[in-house]
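Residue-level structure breakdown
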Amino acid sequence: MKKVIVIGAGFSGLSTATQLADLGYEVEILEKNEQAGGRARVFEKDGFVFDMGPSWYWMPDIFEMYFSKFGKKPSDYYHLVRLDPSYSVILNQEEILDLPANFNELKNLFESIEKGSSAKLEEFLKQAAYKYEVGIGKFVWKPSLKIAEFLSLKLLVDAIQIDVFQSFYTHIRKFFKSEKLLKLMEFPILFLGAISQNTPALYSLMNYAEIKLGTWYPMGGMHKIVEGMVQLAKEKGVKISLNQEVLGFEYDDKKIIGVRTNKGIFIADAVVASADYHHVEQILEPNYRNYTEEYWDKRVMAPSSLLFYLGIDKKLPRLKHHNLFFDRDFGIHSDEIYTHPKWPSDPLFYVSAPSKTDPSVAPATSENLFLLIPVAPGLQDIEEEREKYYDQLIDRLEQFCGTSIKDHVVFKRSYAHKDFIKDYHAFKGNAYGLANTLKQTAILKPSLKNKKLKNLYYTGQLTVPGPGVPPSLISGLVVAQQLHSEFKS
Ligand SMILES: Cc1cc2nc3c(=O)[nH]c(=O)nc-3n(C[C@H](O)[C@H](O)[C@H](O)COP(=O)(O)OP(=O)(O)OC[C@H]3O[C@@H](n4cnc5c(N)ncnc54)[C@H](O)[C@@H]3O)c2cc1C
């Protein structure tokens, strides 16, 4: 039995490990932290259960596909509920758009904002459905090692039809004029880590996912997905070793033969690194690295985040489960993330209040809040800066909810660049990996294979297909198949 060491127990690491074990490999995951889940870890304090990272469960079909590969269903591990409204967009104190889960009600909402837009929405989503089918059905499954994978005529025709070469910004303006609707439709693109001008129109597949497939929530929290995946990995025979920080490798004849951690050396026939790509390159001998520092400095990283986990000892009116405070100028904020990186002057922010849906994540009559400001990676992260934003956000929340909040905060923890670096070795303290821009798509992403060592592979949000929980699951499966195709002969 060949032994594969997987570095990191996030979604991509768990996915690749489970697939490889199912294909007959002996698999061990080495994870530096005391808990599996990576950016989707969880912590508990005084009856509050905080998901540390992802909070949006989109593309339920990908999770179905993942578990069904191993003869299972998500419902074998966790209970999903569909959120309605899917989310709430706060345009200003008075104007709040609650996006209904029901498509006819959503069309009515669109029509009330812009006459004729419900028919446009239908047309837009028909095209987006095709993009989803081709993008998720075909493109994301390519290991993207060589251009030849994309050279079939059918795929080329598909690439043109799914608008790989047009920006989302241009595409969406062919359908809608209202600034409000444009805001709504451009929101899912933010998940890809870039502004709509730099994102291929292909990614309107995200709108299809959001509107047609719905926004879901696993009761107990997003970490229930991790618990399910860990259980499944163990059922398949994967060994998960925690508190094992990989520090370097042993080499022989252009191969890795051992993985060195803070606790010892682990013999390996192959290695899949799911830790942040840039970090893995740093712990390789310099002559075995795929890319130079200059290459990494030129990458467009997805944003980092300033996060606050708050326990509030009372219920807050007006908030829904997902709340997007789009009540400030998005142009200025996005310029401060992407073009002239600095701490934002007057940020948009997001509030997740899972206690609106799930009584198990907060004590009775309390609220569990997760506040997120997207910020540029690589900023100097200092305590005073965090506190300044905390005060701003609490003021704005107090105004919106019409009640005092600050005096009711019974638990508070902040999290930003320094924590992403300490906990995950995140390059420039990024939260969501590499942005999905046109110049960073498919073969233009960091390769999932090391070009100098025969048995080192990479997976996760810095390689194909990109950031987010569903893509990380897919990334793990794609690399496992690639490794198997090279090792089975
Ligand atoms: C705040 C936040 C909100 C998000 N919201 C959403 C959302 O709502 N929906 C969504 O789909 N996605 C969301 N994402 C993105 C999603 O969480 C990530 O894309 C996904 O979790 C990445 O998984 P991964 O396996 O690639 O990486 P990671 O989760 O980072 O896993 C890598 C693992 O490697 C380990 N590691 C690092 N270095 C070493 C080492 N030297 N030795 C051993 N182990 C090591 C790390 O500890 C980590 O466990 C969010 C992310 C963040 C941070």
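The structure we're discussing is the one just above.
What comes next is a walk through the structure. Keep in mind that this is a model prediction, so the values were computed, not measured. (Residues numbered from 1 in each chain as written. Predicted model: local features only at pLDDT ≥ 70, side-chain atom pairs only at ≥ 80, totals over all residues. Heavy atoms only, no water.)

Observations regarding the overall build of the protein chain
Of regular secondary structure, the protein chain possesses 15 helices and 19 strands. The C-alpha atoms of the protein chain give a radius of gyration of 22 Å, which matches the 23 Å a tight globule of 489 residues would have. With the C-alpha coordinates aligned to their principal axes, the bounding extent of the protein chain is approximately 65 × 55 × 45 Å. For the protein chain, the proportion of its 489 residues judged to be buried stands at 61%. In the protein chain, the proportion of contacts linking residues at least 24 apart, taken out of those at least 6 apart, comes to 73%. Summed over all atoms, the accessible surface of the protein chain reaches about 19,100 Å², with 54% contributed by carbon and sulfur. Side chains of the protein chain give 59 positive and 60 negative charges; the mean places of these two sets differ by 5 Å. (Helix = DSSP H or I, 4+ residues; strand = E, 2+ residues; numbered from the N terminus. Rg over C-alpha atoms; globule rule 2.2 N^0.38 Å. Buried < 20%, exposed > 50% of the residue type's maximum accessible area, 1.4 Å probe, protein only. Contact = heavy atoms within 4.5 Å. Areas by Shrake-Rupley, 256 points an atom, 1.4 Å probe, with all protein chains shown as cover. Lys, Arg positive; Asp, Glu negative; His and termini not counted. Charge placed at Lys NZ, Arg CZ, Asp CG, Glu CD.)

A closer look at the site of the ligand
Looking at the ligand, there are 39 residues lining it, with Ser12, Glu31, Arg39, Trp56 and Gln461 nearest. In the model, a nitrogen atom of the ligand is placed 3.2 Å from a nitrogen or oxygen of the Lys32 main chain. Trp56 is positioned such that a nitrogen or oxygen atom in its backbone is 2.8 Å from an oxygen atom of the ligand. For the ligand, whose free accessible area comes to 1,000 Å², the fraction covered by protein is 97%. If you list the elements that add at least two residues to the shell around the ligand, you get helix H1 (11-22), helix H14 (417-424) and helix H15 (469-487). (Near = heavy atom within 4 Å. Polar contact = N/O pair within 3.5 Å; in protein donor to acceptor, adjacent residues only side chain to side chain.)

Digging into the pairing of strand S17 (residues 367-375)
For a regular strand, side-chain orientation follows a simple rule: the groups alternate between the two sheet faces. In terms of residue burial, S17 counts as a mostly covered element, since eight of its nine residues are buried. Two elements, strand S14 (residues 304-312) and S17, share nine bridges in a ladder whose sense is antiparallel. Residue pairing in the sheet places Ser305 in a bridge with Pro374 of S17. Taken together, the three bridges between strand S16 (residues 349-352) and S17 define a ladder with antiparallel strand orientation. Directly across from Val351, in S17, lies its bridge partner Leu371. (Pairing = 2+ DSSP bridges.)

Re the sheet that holds S14
In spatial order, the strands read S7-S6-S15-S16-S17-S14-S18; together these seven strands make up an open sheet with mixed pairing. Every interior strand has two partners, whereas the edge strands, strand S7 (96-99) and strand S18 (409-415), have only one. Going from strand to strand, the sheet's axes swing by 15 degrees on average, the running direction of each strand aside. Where strand S15 (residues 322-325) lies against S16, four bridges are found, and the strand directions are antiparallel. Along S16, the bridge assignment pairs Leu324 with Tyr350. (Axes fitted to C-alpha atoms, helices over the stretch in contact; angles between N-to-C directions.)

Points about the sheet that holds strand S13 (residues 270-273)
The strand order across the open sheet formed by five strands is S9-S2-S1-S13-S19, and the pairing between neighbours is parallel. The open sheet is flanked by strand S9 (239-241) and strand S19 (456-458), the only strands paired with a single partner. On average, adjacent strands in this sheet sit at an angle of 20 degrees to one another, irrespective of strand direction. Of the strand pairs in this sheet, strand S1 (residues 3-7) and S13 are connected by four bridges, and their pairing is parallel. The residue bridging Val4 from the neighbouring strand is Ala270, located in S13. Set on the sheet, H15 makes contact with S1, S13 and S19; between it and S19 the angle comes to about 160 degrees.

Overview of the side chain of Ser178
Mapped onto the elements of the fold, Ser178 is located in the loop between helix H6 (168-172) and helix H7 (179-186). Classification of Ser178 by relative accessible area gives buried; the value is 15%. The contacts of Ser178, once residues within four sequence positions are left out, are Ile113 and Glu114.

Topic: a positive patch on the surface
A grouping of Lys2, Lys254, Lys255 and Lys454 is seen on the molecular surface, where their side chains present a positively charged patch. Classification of Lys2 as partly exposed rests on a relative accessible area of 41%. (Patch = residues over 30% accessible without salt bridge, like charges linked within 9 Å, V, L, I, M, F, W, Y side chains within 5 Å. Salt bridge = Lys/Arg side-chain N within 4 Å of Asp/Glu carboxyl O.)

What about a nonpolar patch on the surface?
On the surface, a nonpolar cluster with roughly 360 Å² of combined accessible area is contributed by Ile147, Leu151, Ile443 and Leu444. Mapping Ile147 onto the fold places it in the loop between helix H4 (117-137) and helix H5 (153-161).

Here's the deal with the packing of aromatic side chains
A full pass over the atoms with the stated rule returns 42 aromatic pairs. Aromatic pair Phe67 and Tyr78: ring centres 6.1 Å apart, planes at 70 degrees, arrangement edge-to-face. Taken together, the residues Phe67 in helix H2 (residues 60-68) and Tyr78 in the loop between H2 and strand S5 (80-82) connect sequence positions eleven residues apart. There is no split in this pair, since Phe67 and Tyr78 are both buried. Note that Lys212 overlies the ring of Phe103, its terminal NZ or CZ placed 3.9 Å from the centroid. A cation sits over an aromatic face here: Lys412 above Tyr390, 3.9 Å from the ring centre. (Phe/Tyr/Trp six-rings, centres within 6.5 Å; stacked < 30°, edge-to-face > 60°. Lys NZ or Arg CZ within 6 Å of the ring centre and 35° of its normal.)

Here's the deal with unusual backbone geometry
If a residue is not glycine, its phi is most likely negative; likewise, a peptide bond is most likely trans. Residue Asp84 is joined to Pro85 through a cis peptide bond whose omega torsion reads 5 degrees. Structurally, Pro85 can be placed in the loop between S5 and strand S6 (87-90). The step from Val464 to Pro465 runs through a cis peptide bond, and the omega angle for that step is -5 degrees. Examined against the element boundaries, Pro465 turns out to sit in the loop between S19 and H15. Located in the positive-phi region is Asp253, a residue other than glycine, with phi close to 50 degrees. Along the chain, Asp253 turns up in the loop between strand S10 (246-252) and strand S11 (255-261). The phi dihedral of Ala442 falls on the positive side, at around 50 degrees, and the residue is not glycine. Here Ala442 shows up in the loop between H14 and S19.

Describing the nonpolar core
Buried together is how nonpolar side chains tend to be arranged in soluble globular proteins. Counting 107 residues, the largest nonpolar core has Met59, Val89, Leu121, Tyr132, Phe176, Tyr309 and Leu483 as the members making the most contacts within it. In terms of residue count, the dominant contributor to this core is H15 (nine residues). Excluding residues that lie within four positions of it along the chain, Phe176 makes contacts with Phe110, Glu114, Ser117, Lys120, Leu121, Phe124, Leu181, Leu182 and Met185. In terms of nonpolar packing, the next biggest core, distinct from the first, is built from 28 residues, Leu306, Phe308, Leu316 and Leu379 among them. (Core = buried A, V, L, I, M, F, W, Y, C linked by side-chain atoms within 4.5 Å.)

Purely spatial values, then, with no claim about function.
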